[in-house]
Amino acid sequence: KKKKKDRHSKVNTLRGPRDRRMRLSVDVAAKFFRLQDLLGFHRPSATLDWLIKTSADAIGDLQRQQEQQQPSRLSSPIGKEEEEEQAAAAAAVEGRRRRRRRRWVGRESRERARERARERTSQK
């Protein structure tokens, strides 16, 4: 049996590659889309960007608080090894993504060419 391919783009984080799509609970989704309508944005990413920029001070405070509570991972040799492994994994994922993107672009351009050809023949 073939393994299912994960066709969705990923975002690299400290915990490794993560799916960029998110599922929201019904309540949170309703609040989010209400805010999006209130702001007048047409894309959810613009609304999230606004939320992150607006809460930048609180995010910075939280980061400083966590840095004070936890010793730096980079000071231990294990932390450096983990970081190197994550960088290697991220490079491998990026290489696969480039190859996949090239195949997709070719397929997409062929589909667009076929569509243009159909339009030309229907006009005649």
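Counting restarts for each chain, with residues numbered from 1 along the sequence as it is written. Whole-chain, interface and lining totals are the exception, using all residues; otherwise, since this is a predicted model, local features are given only for residues with pLDDT of at least 70 and side-chain atom pairs are given and counted only at 80 or more. Side-chain measures were taken over the full set of non-hydrogen atoms in the model, leaving aside hydrogen atoms and water.

**Details of the pattern of salt bridges**
Here comes step 1: The working definition used for a salt bridge is a side-chain nitrogen of Lys or Arg within 4 Å of a carboxyl oxygen of Asp or Glu. Here the structure, examined in full by the defined rule, presents three salt bridges.
Here comes step 2: Ionic pairing is found between Arg64 and Asp61, a salt bridge with its closest N-O pair at 2.5 Å. Separated by three residues within a single helix, Arg64 and Asp61 lie in helix α3 (residues 56–69), roughly one turn from each other.
Here comes step 3: Burial status follows relative accessibility: with a 1.4 Å probe on protein chains alone, a residue under 20% of its type maximum counts as buried, one over 50% as exposed, and anything between as partly exposed. With relative accessibility at 47%, the residue Arg64 sits in the partly exposed group.
Here comes step 4: You can call Asp61 partly exposed: its relative accessible area is 45%. Only DSSP runs of H or I with at least four residues qualify as helices, and only runs of E with at least two residues qualify as strands; both kinds are numbered from the N terminus onward.

**Focus: a nonpolar patch on the surface**
Here comes step 1: A patch is a set of surface residues, each over 30% in relative accessible area and not in a salt bridge, joined within 9 Å for like charges and within 5 Å for the nonpolar side chains Val, Leu, Ile, Met, Phe, Trp and Tyr. Note on areas: Shrake-Rupley, 1.4 Å probe, and residue coverage restricted to the protein chains presented here. On the surface, Met22, Leu24, Val28, Leu48, Trp50 and Leu51 cluster together into a nonpolar patch covering about 520 Å² of accessible area.
Here comes step 2: Among the elements that take part in the nonpolar patch, helix α2 (residues 44–54) stands out by supplying three residues, more than any other.
Here comes step 3: Along the polypeptide, Val28 turns up in helix α1 (residues 26–39).

**Brief notes about α1**
Here comes step 1: Multiplying one less than the number of residues by 1.5 Å gives the expected span of a helix. The end-to-end C-alpha distance of α1, which contains 14 residues, comes to 20 Å, matching closely the 20 Å that a straight helix rising 1.5 Å per residue would cover.
Here comes step 2: Those residues of α1 lying buried are Ala29, Phe32, Leu35 and Gln36. The buried residues of α1 occupy an angular sector of 130° when the element is viewed end-on, so they sit on one face. Exposed and facing more than 90 degrees away from the buried side of α1 are Val26, Asp27, Lys31, Arg34, Asp37 and Leu38.
Here comes step 3: Those residues of α1 hidden inside the fold are in contact with α2.
Here comes step 4: Phi for Gly40, located one or two positions after α1, is positive at around 80°. Working definition: the arc comes from the directions between the helix axis and the C-beta atoms, pointing outward to the latter. Contacts are residue-level and defined by heavy atoms, with any inter-residue pair within 4.5 Å sufficient.

**Here's the deal with the side chain of Gln36**
Here comes step 1: Following the sequence through the fold, Gln36 ends up in helix α1.
Here comes step 2: Judged by relative accessible area, Gln36 falls into the buried class, the value being 7%.
Here comes step 3: With near-sequence residues (within four places) excluded, Gln36 lies in contact with Phe41, His42, Arg43, Pro44 and Thr47.

**Quick look at the pairing of strand β1 (residues 10–13)**
Here comes step 1: Strands are treated as partners if at least two bridges between them are detected by DSSP. Relative to strand β2 (residues 16–19), β1 runs antiparallel, the two sharing four bridges. Directly across from Asn12, in β2, lies its bridge partner Pro17.
Here comes step 2: Linking β1 to β2, which pair antiparallel, is a turn of two residues.

**A word on the side chain of Thr47**
Here comes step 1: As for its position among the elements, Thr47 is in helix α2.
Here comes step 2: Since its relative accessible area comes to 0%, Thr47 is described here as buried.
Here comes step 3: Non-local contacts of Thr47, meaning those with residues more than four positions away in its chain, are made with Phe32, Leu35, Gln36, Leu39 and Phe41.

All quantities given are derived from atomic positions and should not be read as evidence of function.
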